[in-house]
Amino acid sequence: MTLKASNFNPFDYIETQEEVQAFLQECLADDDPNTFIEALGLLVKKHGVTDIALASGLNRESLYKTISGKTKPRFDTIFKIMQALNFRFTTHSA
């Protein structure tokens, strides 16, 4: 018997904006910066890559490359994606 794995997107199970923010915050706190990029990519896919590409001013190919985890995206690209998702970066002391 073979098992078949399916794609898992945690954002399919997160219901409120506060939960989304808390999840992204935890991913951002991870030692591996790719954890945040991967989470951001899942959120982009949840909202629709085409819609986020239009809202961010990025073309779809660039957006796919950014969230693929195979590149190191520039901060301004991440910033545009965050703005398209209606999130803002904030700072606070630990």
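Everything quoted here is computed from the prediction, not taken from an experiment.

1. Re the packing of helix 2 (residues 33–47) against helix 4 (residues 60–67)
Where helix 2 meets helix 4, the axes come as close as 8 Å, and the angle between the chain directions of the two elements is 140°. Looking at the two axes, helix 2 sits oblique to helix 4. Along the contact surface, helix 2 presents Ile37, Gly41, Val44 and Lys45, while helix 4 presents Leu63, Thr66 and Ile67. By residue class, the composition of the contact of helix 2 with helix 4 is 4 nonpolar, 2 polar and 1 charged.

2. A few points about helix 1 (residues 17–29)
The end-to-end C-alpha distance of helix 1 is 18 Å, a good match for the 18 Å that 13 residues give at a rise of 1.5 Å each. Every buried residue belonging to helix 1 is among Val20, Leu24 and Cys27, and all of these are buried. Along the long axis of helix 1, the arc covered by the buried residues comes to 60°, so they all point the same way. Of the exposed residues in helix 1, those oriented more than 90 degrees away from the buried face are Glu18, Glu26 and Ala29. Its buried side turned inward, helix 1 meets helix 2.

3. A closer look at a nonpolar patch on the surface
Together, Leu28, Phe75, Phe79 and Phe89 make up a nonpolar patch on the protein surface, roughly 390 Å² of accessible area in all. Counting through the fold element by element, phenylalanine 79 comes out in helix 5 (residues 75–84). Residue phenylalanine 79 is classed as partly exposed on the basis of its relative accessible area of 35%.

4. Here we look at the pattern of salt bridges
Counting across every chain of the model gives 2 salt bridges. Close ionic contact of lysine 46 with aspartate 12 constitutes a salt bridge, the shortest N to O distance being 3.1 Å. Placement of the pair is lysine 46 in helix 2 and aspartate 12 in the segment before helix 1, with a sequence separation of 34 residues. Its relative accessible area of 46% is what places aspartate 12 among the partly exposed residues. In this structure, aspartate 76 and arginine 74 form a salt bridge, with 2.9 Å as the shortest nitrogen-oxygen distance.

5. Observations concerning the side chain of serine 56
Its place among the elements puts serine 56 in helix 3 (residues 49–56). Overall, serine 56 belongs to the buried group, its relative accessible area being 10%. Separated by 2.8 Å, the side chain of serine 56 and the backbone oxygen of isoleucine 52 make a polar contact. A polar atom in the side chain of serine 56 sits 3.3 Å from the backbone oxygen of alanine 53.

The rules behind the values
- Residues numbered from 1 in each chain as written.
- Predicted model: local features only at pLDDT ≥ 70, side-chain atom pairs only at ≥ 80, totals over all residues.
- Heavy atoms only, no water.
- Axes fitted to C-alpha atoms, helices over the stretch in contact; angles between N-to-C directions.
- Helix = DSSP H or I, 4+ residues; strand = E, 2+ residues; numbered from the N terminus.
- Parallel < 35°, antiparallel > 145°, perpendicular 65-115°, else oblique.
- Contact = heavy atoms within 4.5 Å.
- Nonpolar A, V, L, I, M, F, W, Y, C, P; charged D, E, K, R; others polar.
- Expected span 1.5 Å × (residues − 1).
- Buried < 20%, exposed > 50% of the residue type's maximum accessible area, 1.4 Å probe, protein only.
- Arc of directions from axis to C-beta.
- Patch = residues over 30% accessible without salt bridge, like charges linked within 9 Å, V, L, I, M, F, W, Y side chains within 5 Å.
- Areas by Shrake-Rupley, 256 points an atom, 1.4 Å probe, with all protein chains shown as cover.
- Salt bridge = Lys/Arg side-chain N within 4 Å of Asp/Glu carboxyl O.
- Polar contact = N/O pair within 3.5 Å; in protein donor to acceptor, adjacent residues only side chain to side chain.

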